[in-house]
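Results of the structural survey
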Amino acid sequence: MNDSQPKLVCRNVWKLFGSGARDFLRAREPASVTGDDLVKAGLVGAVRNVNLEVRDGEIFVIMGLSGSGKSTLVRCLSRLVEPTSGEILFNGENLLAADEARMIEIRRHQMGMVFQQFALLPHLTVLANVAFPLEVQGVKRQKREQLARRMVELVGLSGKEGVFPRELSGGQQQRVGIARSLAVEPELWFLDEPFSALDPLIRREMQDEFIRLQSVLNKTIVFITHDFDEAIRLADRIAIMKDGAVVQIGTPEDIVLAPATDYVAEFTRNVPKAKVIKAQSIMKPVQGAQPKTSVPARATVSEAVALFDGSNECVGVIDEAGNMLGQLLRTDVVDVLMRG
Amino acid sequence: MTAPANSSVEAAAGPIGLPRGLIPWIVAAGAFIVLWRFGGAYDWAFEYPSAAIIPAGRWIGDFMKWLVNEAHFGLFSFKDLTRFIAALIDLPYRCALSLLATGFLKGQGSGAVQILPPLSWVAVTATIGLIGFHAGGRRLATLVVLCFGFLAAFGQWQSAMATLASILVAVPIGVIGGLLLGIAAYRWHWFERALTPVLDLMQTIPVFAYLVPILFLFGFGPTAAVVATVIYAMPPMTRIATLALRAVPSDTLDLGRMIGCTRRQMTWRVLVPSAKDSLMVGVNQVIMLSLNMVIIASMIGAGGLGFDVLAALRRLDIGAGLEAGLAIVALAIALDRLSQASAARAGTMTPPAVSTSLPARHPYIVAALVMIVLAGVAGLAMPALQTYPPALQLSTGSFWSNVVGWINVNYFDTLEAAKNAVLLNILVPLKRLLLGLPWAGVTALLAFAGYRLGGLRLAMLTGALAFLIAATGQWEKAMITVYLCGISVVLACLIGVPIGIAAAQRDRLWNWVQVIIDTLQTLPSFVYLMPAVMLFRVGDFTAMIAVVAYAISPAIRYTVHGLRKVDPRLIEAGTAMGCTQWQLLTRIKIKLALPEIMLGLNQTIMFALSMLVITALVGTRDLGQEVYIALTKADTGRGLVAGLAVAFIAIIADRLISAGAARTKARLGLE
Ligand SMILES: Nc1ncnc2c1ncn2[C@@H]1O[C@H](COP(=O)(O)OP(=O)(O)O)[C@@H](O)[C@H]1O
Ligand SMILES: [Mg+2]
């Protein structure tokens, strides 16, 4: 895991919809506010006392059912929605203290966002849509089209530059959305349920595509989803939201192995543990002979299973440099598989 | 008295078996009848005391005089402002008119020399055809060429081009103005709050009424006519623009902010283009309403086809009037289809071509220019190509006059007898009855209805508006308006609702009916007057026929919509219970469609009122006539007061019916 300086920090952030929200929070100890208090005051607690850190280069997934406040939270992080109270630090800079011009500057050059409903402009071609953020910044035509072409190519839509959005399938439209959000080369990339509007098969394909892109780009990502499997597949770390509050933050492994509440346990129940548990988590020190085959430390147990053929009792675990860290034992792997 | 919102109490039966909700109504009606029959001693309740009349007309007149003569906004006076607006409109109008109709002249009056001829009829028709082809393919091209060919062949070309010139100026101004107002209303809540009542009033106040101040401010002529047209056509564009902008998905707004758009970029680069499809509906509305205004605007100097219709109507030359009227319809059809096709096309744009040569990038523009030049040159050699040869002109004018003559010779007695029977047995007694009612009683009754249907605020509104009508001395004329409007609406509903019921159950029939009422709605309202005048000459009866014909479309449309919206599961349930078709219709469908049908009634009344004002031309004696007289005298105060009275009647009817529909809806659990 990456231990560098957090890219984005969110401290005690609240967003209450309804009139008098600010006074409401000021009048009491925020930590002790309950759902009933909010109902009585006629307020909607879309985001309640959220604390989280997004580290440089990680994929941070926010997972929660519909209406749990994910979209509101991610819009607070980019200040599209003004939080009722709290603090948001981006590269150490307090976003809530930034003025309009500074926010425009930050959004233009350092942030990108992908939307659930794609939000493509119907009157522009694919190329013009992708180049639009640059056009808004006043980048010269030739330069921006050149950049946009590269992005279109990156998301695999070469040849569709001159097509209008409505002639594309949903998956292709979202690829345009992704290319557009990448055109300004943001450091921080928000994706608000980018694949939720797509068919399951296409969704799977887009997730693979996303993983591929991230391996090339290494962005800091805040990814929103309501699909727990998607979260597990993509996340370095997951925050689970319920009724506006974050109930647990941790790696997929942490969450599956030690759900903090019954609510979280509900989600994890049907997840095969082998798909989540990493080789490094159950490896034992190497004793005696060196294992013949090996897997990377971050591979999941289910990825290692195939290597246990008849002759193998153990499989090595190596780090990125190829050093042997430990070994997986057949019994431990079977144990994980049996746990479901 | 029970609280107005308490419907469960009302549904319960009272002591004498009547629904309890009815009792207050009966008491109120009883009190009203007592006042009416036995209140003779209270003169003031019947005739508003003249000493107490509010001289609103004079105040408005004085205000207008002050505005024109004295009002000053620091740097410039009000008069400068109107002159500036006039100049702004006049210049493009002159250009369009020269281009299409008169040619470019040098010098003044009869001594003017033509230095460049106008576009020839061939060039204009071909250009329109090209636009049609571009927007909607061969079929549309054929249609618009036929429409314009009709204008040329029936000798309406010159007038039609004058009309087209004013439309070409009015439409862009109306569209841009409406869009800007719509954007402002979208952006600033306070602006919308201030604008909405103004727009509401604009849609209920008869057009004639604001012709008067415009005439006063801008004088008689095409400029004033364009101003009036713009004012008339702009409100729907404003509304549609606000709604269209509101309908832009929130994700798209977030996108705009996320990529760091400035406010201006947000409006013009994100919002407006995203809302384009809906905005085009507004553009179409502006075009249609501008055409609707053609005849009315000719009363303050528009010229063109409108003037021809009006002049023909005044001298009762049915044939000529009908032809000019049909020419307006042809123009309307062509422009309507063109704008609709362009809107649809805007949705499916083809990507911009990459080739660089001018003809390849803009094939249509180049083709049109080439054609215009060619036609111009050819026109010099062959005058028939420049101006449609009069020898080839067709006219059905005498045909129509003959038809009317023939009908009158053969059926005069029958028609006359029918007319007189209706007049004597229905119209005249009803008119007497309404005129005999005490204004104080009617006002109180309206306030009471407002209270029962919508609470105290509605009661204050209806009561106050009714009182104002009386207090400005308009009561008698208002009652004549109410009588004509009322009888026409009843007739329109008696004919329209059964047609709607029949059509709602038969898809094929509904398709036909839809085509017919759509067409009826494209016709300028004046066109309705002509056949009525042809057959029945002038008078209340004629006015009634025209109003019924105009107002029947909403009655049909809303009935059909209401019936079709009834939840099919309820009908299934009814069938399962063994209802007959008739029971299904009366017990379930009509009951559930009632709120929608009431809204239809509402629209029918609005349509009827707007048409009724126009029938002033055929000699009614109601508020419309008052406005019309004010118009001929350019008496702003008089016109506005009478116009506002019409608007008040419309508002009272609208609010009462809407409140009633809302209550019915709530009672049926449809909300
Ligand atoms: N502009 C708003 N005004 C009032 N309530 C809102 C607004 N936006 C969101 N909400 C409420 O906040 C809650 C969280 O919404 P949202 O953030 O969209 O959830 P999610 O994205 O997880 O589905 C919901 O109950 C929603 O109704
Ligand atoms: Mg959401």
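Residues numbered from 1 in each chain as written. Chains lettered and ligands numbered in written order. Predicted model: local features only at pLDDT ≥ 70, side-chain atom pairs only at ≥ 80, totals over all residues. Heavy atoms only, no water.

Under an unreviewed UniProt entry, the name given to chain A is Quaternary amine transport ATP-binding protein, and the organism recorded is Aminobacter aminovorans. Recorded in UniProt under Subcellular location (unreviewed entry), the annotation for chain A is "Cell inner membrane". Per its UniProt entry, chain A bears the Catalytic activity (unreviewed entry) comment "a quaternary ammonium(out) + ATP + H2O = a quaternary ammonium(in) + ADP + phosphate + H(+)". (UniProt positions renumbered as here; feature names shortened; annotations may be inferred.)

Under the criterion given, the structure shown has 33 salt bridges over all chains. Note that Arg 237 of chain A is salt-bridged to Glu 58 of chain A, the shortest N-O span being 2.9 Å. Separated by 179 residues along the polypeptide, Arg 237 of chain A in strand 9 (residues 237–242) and Glu 58 of chain A in the loop between strand 2 (44–55) and strand 3 (59–64) bring together distant segments of the chain. According to the relative accessible area criterion, Arg 237 of chain A is buried, its value standing at 10%. Classification of Glu 58 of chain A as buried rests on a relative accessible area of 4%. A salt bridge links Glu 626 of chain B to Lys 477 of chain B; the shortest N-O distance between them is 3.5 Å. Pair noted here: Glu 626 of chain B is in helix 28 (residues 623–633) and Lys 477 of chain B is in helix 22 (residues 475–505), with a separation of 149 residues, a long-range link. (Salt bridge = Lys/Arg side-chain N within 4 Å of Asp/Glu carboxyl O. Helix = DSSP H or I, 4+ residues; strand = E, 2+ residues; numbered from the N terminus. Buried < 20%, exposed > 50% of the residue type's maximum accessible area, 1.4 Å probe, protein only.)

Moving on to the site of ligand 1. All names here are of chain A. Taken together, Phe 17, Val 44, Ala 46, Leu 65, Ser 66, Gly 67, Ser 68, Gly 69, Lys 70, Ser 71 and Thr 72 make up the full set of residues near ligand 1. Within the backbone of Gly 67, a nitrogen or oxygen atom sits 2.6 Å from an oxygen atom of ligand 1. In the environment of ligand 1, an oxygen atom lies 3.2 Å from a nitrogen or oxygen atom belonging to the backbone of Ser 68. Contact with the protein chains hides 57% of the accessible area of ligand 1, taken as 560 Å² for the molecule alone. At the level of elements, strand 2 and helix 3 (70–77) are the ones that each hand at least two residues to the shell around ligand 1. Take the shell around ligand 1: its biggest share by element is 3 residues, from helix 3. Looking at the shell around ligand 1 residue by residue, the classes come out as 4 nonpolar, 6 polar and 1 charged. (Near = heavy atom within 4 Å. Polar contact = N/O pair within 3.5 Å; in protein donor to acceptor, adjacent residues only side chain to side chain. Areas by Shrake-Rupley, 256 points an atom, 1.4 Å probe, with all protein chains shown as cover. Nonpolar A, V, L, I, M, F, W, Y, C, P; charged D, E, K, R; others polar.)

This brings us to the interface of chain B and chain A. Taken together, the 21 residues of chain B in the interface contact 27 residues of chain A. Roughly 2,200 Å² of surface becomes buried between chain B and chain A when both sides are summed, with 62% attributable to carbon and sulfur atoms. Linking chain B with chain A are 3 salt bridges. Between Glu 135 of chain A and Arg 269 of chain B there is a salt bridge, with its nearest N and O atoms 2.1 Å apart. (Contact = heavy atoms within 4.5 Å. Buried area = accessible area lost by both parts, 1.4 Å probe.)

Moving on, we get to the side chain of Thr 229 of chain B. Residues and elements named next belong to chain B. Residue position: Thr 229 is located in helix 10 (residues 222–246). From its side chain, Thr 229 meets the backbone oxygen of Ala 225 in a polar contact 2.7 Å long. Contact partners of Thr 229, with chain neighbours within four places excluded, come to Ala 170, Ser 290, Met 293 and Ala 297.

Turning our eyes to something else, we now look at the packing of helix 22 of chain B against helix 25 (residues 540–565) of chain B. Residue and element names in this part refer to chain B. Following both chains from N to C, one finds helix 22 and helix 25 inclined at 40°, their axes separated by 6 Å at the closest point. It follows from the interaxial angle that helix 22 and helix 25 lie oblique. Viewed along their axes, helix 22 and helix 25 form a crossing whose handedness is right-handed. Residues that form the contact of helix 22 with helix 25 fall into these classes: 20 nonpolar, 4 polar and 2 charged. (Axes fitted to C-alpha atoms, helices over the stretch in contact; angles between N-to-C directions. Parallel < 35°, antiparallel > 145°, perpendicular 65-115°, else oblique. Left-handed = near helix turned anticlockwise from the far one by under 90°.)

Attention now moves to the pairing of strand 12 (residues 314–318) of chain A. Residue and element names in this part refer to chain A. Inspection of the sheet shows strand 11 (residues 294–296) paired to strand 12 by 3 bridges, in the parallel sense. Residue pairing for strand 12: Pro 296 is matched across the bridge by Ile 318. From the end of strand 12 to the start of strand 13 (residues 324–329), which pair antiparallel, there are 5 residues, and Gly 322 there has a positive phi angle of about 95°. (Pairing = 2+ DSSP bridges.)

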